[in-house]
Amino acid sequence: MKAVVFHKPGDIRYDTVEDPRIELATDVILKVTSTAICGSDLHILSGGVPQTEPMIMGHEFMGIVEEVGSEVKNLKKGDRVVVPFPISCGQCFFCQHQASPSCENSNYKHYGPNGDMMDQKGAALFGYTDLYGGYSGGQAEYVRVPYADISPRVVPENMSDEQVLFLTDIFPTGGLRLIGLSLKGEK
Ligand SMILES: [Zn+2]
Ligand SMILES: [Zn+2]
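Computed from a predicted model, the values in this text were never measured in an experiment. (Residues numbered from 1 in each chain as written. Chains lettered and ligands numbered in written order. Predicted model: local features only at pLDDT ≥ 70, side-chain atom pairs only at ≥ 80, totals over all residues. Heavy atoms only, no water.)

## Observations concerning the coordination of the zinc ion (ligand 2)
To keep it simple, the criterion reads: Donor atoms are limited to N, O and S found within 2.8 Å of the metal ion, a distance that becomes 3.2 Å for Na, K and Ca. With water left out, some sites might look partial. By the criteria applied here, four donors are tetrahedral when all angles lie between 85 and 135 degrees, four are square planar and six octahedral when opposite donors are over 155 degrees apart and every other angle lies between 65 and 115, and any other arrangement is irregular. In this scheme, a residue with accessible area under 20% of its type's maximum is buried, one over 50% is exposed, and one in between is partly exposed, where area comes from a 1.4 Å probe on protein chains only.
Taken together, the protein donors to the zinc ion (ligand 2) comprise Cys89 (SG), Cys92 (SG), Cys95 (SG) and Cys103 (SG), at separations of 2.3 to 2.4 Å. For the zinc ion (ligand 2), the 4 donor atoms in the first shell make angles of 101 to 116° at the metal, so the coordination geometry reads as tetrahedral. Donor residues binding the zinc ion (ligand 2) come from one chain and are separated in sequence as C-x2-C-x2-C-x7-C. Across the pair, exposure class does not vary: Cys89 and Cys95 are buried alike.

## Looking at the coordination of the zinc ion (ligand 1)
Ideal geometry at a metal gives 109.5 degrees between four tetrahedral donors and either 90 or 180 degrees between six octahedral ones. Cut-off, in case you're wondering: Helix and strand labels come from DSSP, where a helix needs a run of H or I of at least four residues and a strand needs a run of E of at least two; each type is numbered from the N terminus.
Looking at the zinc ion (ligand 1), one finds its protein donor set to be Cys38 (SG), His59 (NE2), Glu60 (OE) and Asp169 (OD), positioned 1.8 to 2.3 Å from the metal centre. All donors to the zinc ion (ligand 1) come from one chain, and their sequence spacing reads C-x20-H-E-x108-D. With Cys38 in the loop between β3 (28–35) and α1 (41–45) and Glu60 in the loop between β4 (55–56) and β5 (61–68), the pair connects residues that are 22 residues apart, well separated along the chain. With relative accessibility at 1%, the residue Glu60 sits in the buried group.

## Notes on the pairing of strand β2 (residues 11–16)
Selection rule: DSSP bridges decide pairing: two strands pair if at least two such bridges lie between them.
Bridge analysis of strand β1 (residues 2–8) against β2 gives 6 bridges, and the strand direction is antiparallel. Bridging across to β2, Ala3 finds its partner in Asp15. The hairpin formed by β1 and β2 contains 2 residues between the paired strands, and Gly10 there has a positive phi angle of roughly 80°.

## A few points about the layout of surface pockets
We apply this condition: A 1.4 Å probe that fits into a set of points on a 1 Å grid over the protein atoms alone but cannot get out defines a cavity; an open set with protein on both sides within 12 Å along at least five of seven lines defines a pocket, and lining residues are those with an atom within 4 Å of a point. Grid points are joined across faces, edges and corners, and a volume is the space filled by probe spheres set on the points. Asp, Glu, Lys and Arg are counted as charged, while Ala, Val, Leu, Ile, Met, Phe, Trp, Tyr, Cys and Pro are counted as nonpolar; the rest, among them Gly, fall into the polar class.
Computed from the structure, the largest pocket encloses a volume of approximately 650 Å³. If you go around the largest pocket, you meet 21 residues; those closest to its centre are Pro84, Pro86, Ser100, Pro101 and Pro172. Put simply, the parts of the chain that give the lining of the largest pocket at least two residues each are β6 (80–83) and α4 (170–183). Residue composition of the lining of the largest pocket, grouped by class: 12 nonpolar, 7 polar and 2 charged. Lining the second largest pocket are 18 residues, with Glu18, Pro20, Glu23, Ile56 and Ser136 sitting closest to its centre. Secondary-structure elements contributing two or more residues to the lining of the second largest pocket are β4 and β9 (142–145).

## Quick look at the nonpolar core
Note the cut-off: In this text, buried Ala, Val, Leu, Ile, Met, Phe, Trp, Tyr and Cys residues form a nonpolar core when linked through side-chain atoms within 4.5 Å. Contact between two residues is taken to exist if any of their heavy atoms lie within 4.5 Å; hydrogens are not considered.
Counting 16 residues, the largest nonpolar core has Leu30, Phe61 and Val145 as its most contacted members. Of all the secondary structure elements, the ones that give two or more residues to this core are β3, β5, β6 and β9. With sequence-adjacent residues up to four places away left out, Leu30 is seen in contact with Phe61, Met62, Gly63, Ile64, Val65, Glu66, Val81, Val83, Glu141, Tyr142, Val143 and Val145. Among the nonpolar cores identified, the runner-up in size contains 8 residues, and Phe6, Ile44, Val49 and Met57 belong to it.

Have a look at this one:
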């Protein structure tokens, strides 16, 4: 398939790469219909968030379910879904307390001799470097979506991609920022 691949700071290419495949029974493979470029992608492009291996970019995407892992219950082939950018397991303490962006299970890679980067980490993110789990992103024809029963939401037929795509990050992240400012008494 074709995908937008980060190689090194300042060097992002439109490459031919291997198609994603089901790796765990709780995965689905999504055929991407729309994806967005985020301001946060620029942090990777500039080298501000380090990444040493080539990586498929993109944490804001939606699409059609193409293939379903054997344990996925809530989605079926052909469903059109929008996918929030944090990857969450649905089972851990944080996921059970409506704080899934702090999921303890999705970002399982260890860094540093004492795993010190693990202490402050949050959930894994799609296409956001090995620090955030090393998952391929959705600026591609297809993407693997882990824990597919937990975060993806089926989109009503009467809504266009453009009406829901920004639920992946921009809209809820902006909303949280406004809530934070109003709590601090700022406008
Ligand atoms: Zn974003
Ligand atoms: Zn979790």
